[in-house]
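# Structural features, examined
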Amino acid sequence: MHEFTFKNSELYCENIKVAEIAKSVPTPFYLYSYKTLIDHYRKIKTAFSPIKPLICFSMKSNSNLAIVRAMVKNGAGLDIVSGGELYRARLAGAKGNSVVYAGVGKRPDEIKDAIKFGIFFFNVESEEELGQIQKTAFALKKKVNIAIRINPDVIPKTHKYIATGKGETKFGLDFETVHKIFNAKWRYPNLNIRGVHIHIGSQILDAAPFENAIKKVLDFIKEYHIETEYLNIGGGLGIMYSMENPQTAKGFAKSVLPMLKKSGLKIILEPGRFISGNSGIFVTRVLYTKRTPRKKFVIVDGGMSDLIRPSLYEAYHKIVPVVARQDSSETAEKVDVVGPICESGDFLGKDRLLPQSVKGDLLAVMGAGAYGFTMSSNYNSRPRSSEVMVIGNKFYTVRRNETYQDLVRGEMIPKVLK
Ligand code: LLP
């Protein structure tokens, strides 16, 4: 469920007409519903309440300061993957004891900053990284919490680019190496190796792969007497983009809670998309339409630089007119909704049955709250769009659109070329 609904053929975000917002905010822009965001966070929180886990919102799905602040204010922890995300987390008022840090390539300076911040856990992905964290922690005279990321070698049914828990991906370590590390804790006097971490992939629609992975890990802990207090089960819960029938938070909890409870371990979760995905849409305006012998194109002012998921993963995002026309069903036809970028891969939707749209119409790309703005770029020197959030009866610009000056900020022409 989300708060983007049609009333009298007009799309609303909560109680505000999207078209009304577009009168003062230049298109394209991302639009977020605070209520949807918090509702989804609460859904997970309630479903897992019997074990009171630490729920760390995965910032890579949406790291706008207002979104992160909203999560922190409502009691969520954060899952970060870079020094940049740590910087944002701090600005949003996050406390060290609720932030966990994953990723295969943490730089020494990033590690140092995170230790100084008092990071709750490093989720470590290699022995060399462990050595680096030990070295930095020793120099800072600090003791830090470590969870080792296990690659449980399970096959989640999802796009190959976002499946992370298979043996051949770069993520985590095999059981044998993890066992070796737990047996050699003495080698890392400044580290408290007291957790294991998994994250098997993203947009996973059913519980089976999670159950498999968790079972594998719990069996391993038991069989090899791994001394651990924490189990971080990562993120990955899928959402509905079109006809999918994803598990609910309740359903997911029902299938994994018994195992987790029985383990007696403290649990951490890292949901991203489940919380932010349906909390946002991408609003774009029709620039032109054209018919070729083979196709009809609707050319809009937002493209792959703003929302790359369709181009990169052939991801489906529902596209709807912000204001539906009276005669819409009769004039509906199959169109490609494409952006202004010079690539044939620049499309938001292909072969979509859409009511006839004309220059100036607004279209909404649904389910764009996760991995939308965070994956946007300046390709083709396009300034990035603004982001807007509806809270209660008002809307707020939570990021202004970039200017041409923003585009060249930090660039310089060497003297020899002048
Ligand atoms: N924890 C870790 C360690 C992760 O790597 C990720 C996502 C998450 C949590 C959150 O996963 P979620 O709950 O959002 O599925 N750009 C892709 C998704 C990449 C996910 C990367 N890792 C997309 O647009 O579908």
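Residues numbered from 1 in each chain as written. Predicted model: local features only at pLDDT ≥ 70, side-chain atom pairs only at ≥ 80, totals over all residues. Heavy atoms only, no water.

### Points about the domain arrangement of the protein chain
Under the convention used in this document: What counts as a domain boundary in this text is fixed by an automatic or database domain assignment. For this analysis, residues touch if any pair of their heavy atoms sits within 4.5 Å. Accessible surface is computed with a 1.4 Å probe, and the buried area is the amount of it that two parts give up when combined, taken over both parts together. Here, a salt bridge means any side-chain nitrogen of Lys or Arg that lies within 4 Å of a carboxyl oxygen of Asp or Glu. Contacts described as polar in this section are N or O atom pairs within 3.5 Å, which, within protein, must combine one atom able to donate a hydrogen with one able to accept it, while residues neighboring in sequence count only if both atoms come from side chains. Labels follow the DSSP assignment, with helices taken as runs of H or I lasting at least four residues and strands as runs of E lasting at least two, numbered in each case from the N terminus. Each residue gets one label: Ala, Val, Leu, Ile, Met, Phe, Trp, Tyr, Cys and Pro are nonpolar, Asp, Glu, Lys and Arg are charged, and the others, such as Gly, are polar.
If you check the domain split of the protein chain, you get domain 1 (4–31 + 277–407) and domain 2 (34–274). Centre-to-centre separation of domain 1 and domain 2, based on C-alpha positions: 32 Å. Every contact between the two is made by 22 residues of domain 1 and, on the other side, 22 residues of domain 2. The contact between domain 1 and domain 2 buries some 1,900 Å² in all, and 55% of this surface belongs to carbon and sulfur atoms. The interface formed by domain 1 and domain 2 holds 0 salt bridges in total. Joining domain 1 to domain 2, the criterion identifies 10 residue pairs in polar contact (both at pLDDT 80 or more). Elements supplying a minimum of two residues to the side of domain 1 that touches domain 2: α11 (309–313), β19 (386–391) and β20 (394–399). The element best represented in the side of domain 1 that touches domain 2 is β19, accounting for 4 residues. Its residues placed into classes, the side of domain 1 that touches domain 2 shows 9 nonpolar, 8 polar and 5 charged.

### Remarks on the sheet that holds strand β1 (residues 4–7)
Here is the rule we go by: Pairing between strands is defined by DSSP: at least two bridges between them are needed.
Ordered by their spatial adjacency, 3 strands build an open sheet running β1-β2-β3, and the pairing between neighbours is antiparallel. Each having just a single partner strand, β1 and β3 (16–17) make up the two edges of the open sheet. Where strand β2 (residues 10–13) and β3 come together, 2 bridges link them in antiparallel fashion. Across the sheet, the residue bridging to Tyr12 is Lys17, located in β3.

### Focus: the pairing of β2
Spelled out, the test is: Accessibility here uses a 1.4 Å probe with only protein chains present; expressed as a share of the type maximum, an area under 20% marks a residue as buried, one over 50% as exposed, and anything in between as partly exposed.
Taking every second residue as pointing to the same face, both faces of β2 are buried, with Glu10 and Tyr12 on one and Leu11 and Cys13 on the other. In this structure, β1 lies alongside β2, joined through 4 bridges in antiparallel fashion. Paired with Lys7 across the bridge in β2 is Glu10. Linking two consecutive strands that pair antiparallel, namely β1 and β2, is a turn of 2 residues; a positive phi of about 50° is found at Asn8 within it.

### Brief notes about a positive patch on the surface
Formally: Distance thresholds for patches are 9 Å for like charges and 5 Å for nonpolar side chains (Val, Leu, Ile, Met, Phe, Trp, Tyr), applied to residues having over 30% relative accessible area and no salt bridge. Where accessible areas are quoted, they stem from the Shrake-Rupley method and a 1.4 Å probe; at the residue level, only the protein chains shown are allowed to cover. We count Lys and Arg on the positive side and Asp and Glu on the negative side, and we leave His and both chain ends out. Where a charge lies is defined by one atom per residue type, namely NZ (Lys), CZ (Arg), CG (Asp) and CD (Glu).
Together, Arg90, Lys112, Lys116 and Lys142 make up a region of like positive charge exposed at the surface. Tracing the backbone shows Lys142 in the loop between α6 (127–139) and β9 (144–149).

### A word on the site of the ligand
To keep it simple, the criterion reads: Throughout, the term near means that a residue has one or more heavy atoms lying within 4 Å of the molecule or strand in question.
In the neighbourhood of the ligand, 19 residues make up the surrounding shell, with Ser202, Glu270, Arg309, Tyr313 and Tyr371 lying closest. Ser202 places a side-chain nitrogen or oxygen 2.3 Å from an oxygen atom of the ligand. Between the ligand and Arg273 there is a distance of 2.8 Å, counted from an oxygen atom to a backbone nitrogen or oxygen. Protein chains bury 91% of the 580 Å² of accessible surface belonging to the ligand in isolation.

### A short note on the packing of helix α8 (residues 208–223) against helix α9 (residues 249–263)
For clarity, the threshold we go by: Here an axis means a line fitted to C-alpha atoms, over the contact stretch when the element is a helix, while the angle between two N-to-C directions is reported on a 0 to 180 degree scale. Reported orientations rely on four angle classes, namely roughly parallel under 35 degrees, roughly antiparallel over 145, roughly perpendicular from 65 to 115, and oblique for the rest.
Between α8 and α9, the shortest axis-to-axis distance is 10 Å and the interhelical angle comes to 5°. Comparing their axes, α9 and α8 come out roughly parallel. Contacts between α8 and α9 pair Phe210, Glu211, Ile214, Lys215 and Leu218 from the former with Phe252, Ser255, Val256, Met259, Leu260 and Ser263 from the latter. Residues that form the contact of α8 with α9 fall into these classes: 7 nonpolar, 2 polar and 2 charged.

### Section: the nonpolar core
One broad rule of soluble globular proteins: the nonpolar side chains tend to lie buried together. For clarity, the cut-off: Take the buried Ala, Val, Leu, Ile, Met, Phe, Trp, Tyr and Cys residues and link them wherever side-chain atoms come within 4.5 Å; each set so joined is a nonpolar core.
Membership of the largest hydrophobic core comes to 92 residues, with the highest contact counts inside it found for Phe48, Phe122, Ile146, Ile148 and Leu231. In terms of residue count, the dominant contributor to this core is α8 (7 residues). Here this core spans two domains, since at least three of its residues come from each of domain 1 (4–31 + 277–407) and domain 2 (34–274). Not counting residues up to four positions away in its chain, the partners in contact with Ile148 are Val124, Leu130, Leu173, Val178, Ile181, Phe182, Ile193, Gly195, Val196 and His197. Listed in part, the 20 residues of the second largest apolar core include Ile16, Leu362, Ala364 and Met366.

### Looking at the environment of Gly84
With respect to the element layout, Gly84 can be found in helix α4 (residues 83–91). The class for Gly84 is partly exposed, based on a relative accessible area of 40%. In this structure the C-alpha to C-alpha distance between Gly84 and Phe274, which are 190 residues apart in sequence, comes to 22 Å.

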